[in-house]
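One letter stands for each residue in the lines below.
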Amino acid sequence: MKISDIKTYPINIGSGSQLVVKVETDSGIYGWGASGLSGRELAVIGAITHFKGFLIGKDPHKIEAIWQELYRGQYFEGGRVLAAAISAIDIALYDIKGKTLGVPVYELLGGKQRNFVPCFASVRFTTLKELLDYSNTCIKEGWKVLRLAPAEFESQKDKSRFEPTESITLLADWVTELRHQVGRGITIGIDYHTRLTAAETYSFIKRMPAGTLDFIEEPIRDENPEAYESLRKMVDVPFTIGEEFSSKWQFLPFLEKNIAQYARVDVCNVGGITEAMKVAAIAEAHYIDLMPHNPLGPICTAASIHMAAACSNFSYLEEINTPAQQMGTNDRNFYPVQPELDGTGYQVPDTSGLGVEFDEKYALNQEFKPVEIPRLKRDDGSFTNW
């Protein structure tokens, strides 16, 4: 069996965009993968075009060897664009090998350790009412873990305005009210999406009673591990970090120094299933659980399910399509076969490969327009993180 072609499908889906990749073989067996670099699909397509030139004719079953060549086969190795391209191809190769052998992908990773993959419900809100309503809807449907995704700035007349002090003052009160309403039996985390500084993060947490939050996700940017290390010494709330990381090396200081208490590994960003399993092993050695990033669609979900099934150190998988909110990232027009949410998680499948299919014909009939993330500014006119 040889790789015969690699095709890319950038699509608009829900309110965002995705890049789906198909690796074809001369035997007729094919595999699906996805890139996690949302909003920069064209850049990843460019990288895949380079990779395609030397991948045609290779044995798709030599997954690790191909990964090494993809990563080391240029002088300027690594980086988020190349890692996203490697991720998509790597996931597709696992899909091919699973189909060839007639086994689920997790069987290639040592076999499953669990029958069910639990999820946390992502709760995106712009007002206190939305926060309480969406959270209570999920709880009534049996969800015990909520990850809050605040977008309170969108309730303003100027949706591009973000002032950190106003945000932490408002959200500290809102999250405290949520905790008061739902009690101690619900796990609550919050994703501040790198919008704060270390000092602002400290101030935010100190404005709430102890025990209000069970974890905080990426309050500051991750380029400087030492900054996170200093913040770790200032606050006692667990950190979930890593959704943007593009290699095991980027994870390394956060895991070795126990800066992160949960690893937010994203199979579509970190370098595919191959690299994600190595991150999982390093995390296991430091008693750190995985809390995989999963904002894309069914291919990312399927790959994450197989990874979660094979890892002992797994906590919760992100789920953004919940009883309270449907983000449309799993549109069945694009994905006629996909993992099915079963209550608050996913049953581990027994079908061969990933267990997902993508409708190429439908995708080719849709116009693709690149999607830019929102831009936020302070009152002084300076640009800040979204």
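Residues numbered from 1 in each chain as written. Predicted model: local features only at pLDDT ≥ 70, side-chain atom pairs only at ≥ 80, totals over all residues. Heavy atoms only, no water.

Caption draft 1: Looking closely at helix 9 (residues 272–285). Compared with an ideal rise of 1.5 Å per residue, which puts 14 residues at 20 Å, helix 9 spans 20 Å between its outermost C-alpha atoms and is within 8% of the ideal. Inspection of helix 9 places Gly272, Ile273, Thr274, Glu275, Ala276, Met277, Val279, Ala280 and Ala283 among the buried residues, and these make up the whole buried set. Looking at the buried residues of helix 9, the elements they touch are helix 2 (63–72), helix 3 (80–101), helix 8 (248–256), strand 10 (289–290) and helix 10 (298–310). One or two positions beyond helix 9, positive phi appears at Tyr287, with a value near 60 degrees. (Helix = DSSP H or I, 4+ residues; strand = E, 2+ residues; numbered from the N terminus. Expected span 1.5 Å × (residues − 1). Buried < 20%, exposed > 50% of the residue type's maximum accessible area, 1.4 Å probe, protein only. Contact = heavy atoms within 4.5 Å.)

Caption draft 2: Inspection of the side chain of Glu319 at higher detail. Looking at where Glu319 falls in the secondary structure, it is placed in strand 11 (residues 317–319). Here Glu319 occupies a buried position and makes no salt bridge, while the nearest side chain of opposite charge, Arg147, is found at 10 Å. (Lys, Arg positive; Asp, Glu negative; His and termini not counted. Salt bridge = Lys/Arg side-chain N within 4 Å of Asp/Glu carboxyl O.)

Caption draft 3: Quick peek at the sheet that holds strand 2 (residues 16–25). Pairing in this open sheet of three strands is antiparallel, and the strands run 1-2-3 from one edge to the other. Two strands close off the open sheet at either side, each with one partner strand: strand 1 (3–13) and strand 3 (30–35). Neighbour-to-neighbour, the strand axes of the sheet open up by a mean angle of 20 degrees, direction not taken into account. Bridge count between strand 2 and strand 3: six bridges; the pairing is antiparallel. Bridging from a neighbouring strand, Glu24 pairs with Tyr30 of strand 3. Along the sheet, helix 3 makes contact with strand 1, strand 2 and strand 3, crossing strand 3 at roughly 155 degrees. (Pairing = 2+ DSSP bridges. Axes fitted to C-alpha atoms, helices over the stretch in contact; angles between N-to-C directions.)

Caption draft 4: Local environment of the packing of aromatic side chains. Applying the stated criterion across every chain yields a total of 19 aromatic pairs. Ring plane angle 65 degrees and centroid distance 5.5 Å describe the contact between Tyr228 and Phe239, whose orientation is recorded as edge-to-face. Separated by 11 residues along the polypeptide, Tyr228 in helix 7 (residues 225–234) and Phe239 in strand 8 (residues 239–241) bring together distant segments of the chain. Each member of the pair, Tyr228 as well as Phe239, is classed as buried. By the ring-pair criterion, three or more aromatic residues cluster together here, those being Tyr9, Tyr30, Trp32, Phe334, Tyr335, Phe358 and Tyr362. If you follow Lys22 out to its NZ or CZ, it ends over the ring of Tyr30, 4.5 Å from the centre. Across the ring face of Trp67, the terminal group of Lys278 is positioned such that the distance to the ring centre comes to 5.5 Å. (Phe/Tyr/Trp six-rings, centres within 6.5 Å; stacked < 30°, edge-to-face > 60°. Lys NZ or Arg CZ within 6 Å of the ring centre and 35° of its normal.)

Caption draft 5: Quick look at the packing of helix 2 against helix 3. Interaxial distance between helix 2 and helix 3 falls to 10 Å at its minimum, and their mutual angle equals 165 degrees. By the angle between their axes, helix 2 is roughly antiparallel relative to helix 3. Once helix 2 is placed against helix 3, the crossing between them reads as right-handed. The segment helix 2 lies against helix 3, with Ile63, Ile66, Trp67, Leu70 and Tyr71 engaging Ile86, Ile89, Asp90, Leu93, Tyr94 and Lys97. Counted by class, the contact of helix 2 with helix 3 contains nine nonpolar, no polar and two charged residues. (Parallel < 35°, antiparallel > 145°, perpendicular 65-115°, else oblique. Left-handed = near helix turned anticlockwise from the far one by under 90°. Nonpolar A, V, L, I, M, F, W, Y, C, P; charged D, E, K, R; others polar.)

Caption draft 6: Here's a closer look at the nonpolar core. Counting 116 residues, the largest nonpolar core has Leu148, Phe204, Leu290, Ile299, Tyr335 and Phe358 as its most contacted members. Tallying contributions element by element places helix 3 first for this core, with 11 residues. For Phe204, the residues in contact, after removing those within four places along its chain, are Ile168, Leu171, Ala172, Ile190, Tyr192, Leu213 and Ile216. (Core = buried A, V, L, I, M, F, W, Y, C linked by side-chain atoms within 4.5 Å.)

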